Amino acid sequence: MTLRTAIQQSKILTFVVLGAFVWLLLTLFDVASTIDLATGTTSFVGQNALGGIAGVLVLVIVLGALVVLYSEITESDPAPQSWPPSEE
């Protein structure tokens, strides 16, 4: 299925996935900009470096899953084998 076919068949789902990707990307930049590496792991109340790094890793994994989903949407289906098989 090509991306054009996917958009024609499910416009809402395509825009929801793209919107989620943009939202998660902006959230990733926001989390990465608020990490204070000077705090380290001494304080476990509020924002600390360990929590920020864990948040960034989770967001990167989710964004990676969305990229895989996008690549699957743009992949064209393989052509079926002819029947009966031709002997070459």
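Residues numbered from 1 in each chain as written. Predicted model: local features only at pLDDT ≥ 70, side-chain atom pairs only at ≥ 80, totals over all residues. Heavy atoms only, no water.

**So, helix H2 (residues 11-34)**
Side chains of residues three or four places apart in an α-helix project in the same direction, reflecting 3.6 residues per turn.
Stage number 1. With 24 residues, H2 should reach 34 Å at 1.5 Å per residue; the first-to-last C-alpha distance of 35 Å fits that figure.
Stage number 2. Among the residues of H2, those classed as buried are Thr14, Val17, Leu24 and Leu28. (Helix = DSSP H or I, 4+ residues; strand = E, 2+ residues; numbered from the N terminus. Expected span 1.5 Å × (residues − 1). Buried < 20%, exposed > 50% of the residue type's maximum accessible area, 1.4 Å probe, protein only.)

**Remarks on the environment of Asp36**
Stage number 1. Here Asp36 lies in the loop between H2 and helix H3 (49-74).
Stage number 2. For Asp36, a relative accessible area of 39% translates into the label partly exposed.
Stage number 3. When the C-alpha atoms of Asp36 and Asn48 are compared, they prove to be 6.4 Å apart, with twelve residues separating the residues in sequence.

**Considerations on the UniProt feature "transmembrane region" (unreviewed entry) in the chain**
Stage number 1. Mapped onto this numbering, the UniProt entry gives "transmembrane region" (unreviewed entry) at residues 12-29 and 49-70.
Stage number 2. The distance separating the terminal C-alpha atoms of residues 12-29 is 26 Å; by composition the span is 100% helix and 0% strand.
Stage number 3. With 100% helix and 0% strand, residues 49-70 has its two end C-alpha atoms placed 31 Å apart. (UniProt positions renumbered as here; feature names shortened; annotations may be inferred.)

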